[in-house]
Amino acid sequence: MNRSYMVGGSVRDLLLGRLPKDVDILVPDDPEEAAQKLARGIGGRFFYLDRKRSILRVIVSPAAAAQQRLFPTVHYDISSLGTEPLTQNLSHRDFTIDAIAVSVESLLSSTDPPVIVDPFRGYADLQNKQVRALSSAVFEEDPLRLLRAFRLAGVLEFRIEPETLDWIRSRGSLITRAAAERIREELLTIVSLSRSVPVLEQIYESGLWSVLVT
């Protein structure tokens, strides 16, 4: 059976009882057709966010979202799963708590329980309140994840599990490859936290701070 799946941070937030700030959806067929249907159904509008990768964004006003009992989100990003198995798609993500998917059809069903796909034990990590990378390679693929690990831990009040922290310590020099504006955005989010000091101390202790200021 072909299904559409909500993936990433929106699933993590739902499982934590938090309202998602945005929703990422993978569809089995044409993402433009799916975006058209969603926009029509919720009174929103859609446009291509990335035409080359066929990623579309559907925007709905807060008033319309409230009226239709939708997530109070500013956008829904829709892309195609293509021929890639769902578990393979999830394996490209950064942390286990962001590598969980839930069937959209099961969420909309009034009788069936949610169908959750969790190949990397992300739900267990949510319960244990820890941020765990899928592998050390995630930091080489996108060095900004070195900082994102601390940001996630700070926002969710989680801890970074020991092996992931070791990977961060040994790969701190990679952060220089990340764009300065992206680094700035992560740091601004961290310093805005009510408990930012412990997070900044952890960044310093990891050796990442010394790389950032040199």
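See the structure above.
Residues numbered from 1 in each chain as written. Predicted model: local features only at pLDDT ≥ 70, side-chain atom pairs only at ≥ 80, totals over all residues. Heavy atoms only, no water.

### Here we look at unusual backbone geometry
- For Ser 54, which is not a glycine, the phi torsion comes out positive at approximately 55°.
- As for its placement among the helices and strands, Ser 54 is situated in the loop between strand E3 (45-50) and strand E4 (55-59).
- With a phi close to 60°, Glu 157 is a non-glycine residue in the positive phi region. (Helix = DSSP H or I, 4+ residues; strand = E, 2+ residues; numbered from the N terminus.)

### Things to note about a nonpolar patch on the surface
- Nonpolar side chains collect at one region of the surface, where Leu 14, Leu 107 and Leu 108 lie side by side and expose about 280 Å² of accessible area between them.
- Mapped onto the elements of the fold, Leu 108 is located in helix H5 (residues 104-108). (Patch = residues over 30% accessible without salt bridge, like charges linked within 9 Å, V, L, I, M, F, W, Y side chains within 5 Å. Areas by Shrake-Rupley, 256 points an atom, 1.4 Å probe, with all protein chains shown as cover. Salt bridge = Lys/Arg side-chain N within 4 Å of Asp/Glu carboxyl O.)

### Focus on the packing of aromatic side chains
- Enumeration over the complete set of coordinates arrives at one aromatic pair.
- The ring centre of Tyr 48 lies 4.0 Å from the NZ or CZ of Arg 51, which sits over that ring. (Phe/Tyr/Trp six-rings, centres within 6.5 Å; stacked < 30°, edge-to-face > 60°. Lys NZ or Arg CZ within 6 Å of the ring centre and 35° of its normal.)

### As for helix H2 (residues 31-42)
- With twelve residues, H2 extends 16 Å from end C-alpha to end C-alpha; this agrees with the ideal 16 Å at 1.5 Å per step.
- All of the buried residues in H2 are Pro 31, Ala 35, Ala 39 and Ile 42. Here the buried residues of H2 occupy an arc of 85° about the axis, which is enough to place them on one side. Of the exposed residues in H2, the ones pointing more than 90 degrees away from its buried face are Arg 40 and Gly 41.
- Of the residues that open H2, the one with a side-chain oxygen 3.1 Å from the backbone nitrogen of Glu 32 is Asp 30.
- Looking one or two places after H2, you find Gly 43, whose phi comes out positive at around 70°. (Expected span 1.5 Å × (residues − 1). Buried < 20%, exposed > 50% of the residue type's maximum accessible area, 1.4 Å probe, protein only. Arc of directions from axis to C-beta. Polar contact = N/O pair within 3.5 Å; in protein donor to acceptor, adjacent residues only side chain to side chain.)

### Observations regarding the environment of Phe 95
- Relative to the helices and strands, Phe 95 is located in the loop between helix H4 (86-91) and strand E6 (101-103).
- Taking relative accessible area as the criterion, Phe 95 reaches 0% and is therefore assigned buried.
- In sequence terms Phe 95 and Tyr 76 are 19 residues apart; their C-alpha atoms lie 21 Å from each other.
- If near-sequence neighbours (up to four positions away) are discounted, Phe 95 is found in contact with Val 131, Arg 132, Ala 133, Leu 134, Phe 139, Arg 145, Arg 148, Ala 149 and Leu 152. (Contact = heavy atoms within 4.5 Å.)

### As for the pattern of salt bridges
- Going through the model one piece at a time under the given rule, you end up with 14 salt bridges.
- One salt bridge in this structure joins Arg 18 and Asp 13, with 3.6 Å as the shortest N-O distance.
- Among the residues examined, Arg 18 registers a relative accessible area of 35% and is labelled partly exposed.
- Looking at Asp 13, the relative accessible area reads 8%, which means it is buried.
- For Arg 57, the salt bridge goes to Asp 77, with nearest N and O atoms at 2.7 Å. One end of the pair, Arg 57, is in strand E4; the other, Asp 77, is in strand E5 (residues 76-80), and 20 residues separate them in sequence.
- According to the relative accessible area criterion, Asp 77 is buried, its value standing at 11%.

### A few points about the pairing of E4
- For E4, the tally of buried residues reaches four of five residues, placing the bulk of the element in the interior.
- Across five bridges, the pairing between E3 and E4 is antiparallel. Directly across from Phe 47, in E4, lies its bridge partner Arg 57.
- The sheet contact formed by E4 and E5 spans three bridges and is antiparallel. Looking at the pairing, Val 58 lines up with Tyr 76 of E5. (Pairing = 2+ DSSP bridges.)

### Examining the side chain of Arg 171
- Looking at the secondary structure, you find Arg 171 in the loop between helix H9 (162-170) and helix H10 (180-191).
- Reaching out from Arg 171, the side chain makes a polar contact with the side chain of Ser 136 at a distance of 3.5 Å.
- Excluding residues within four positions of it along the chain, Arg 171 makes contact with Ser 136, Phe 139, Glu 140 and Leu 146.

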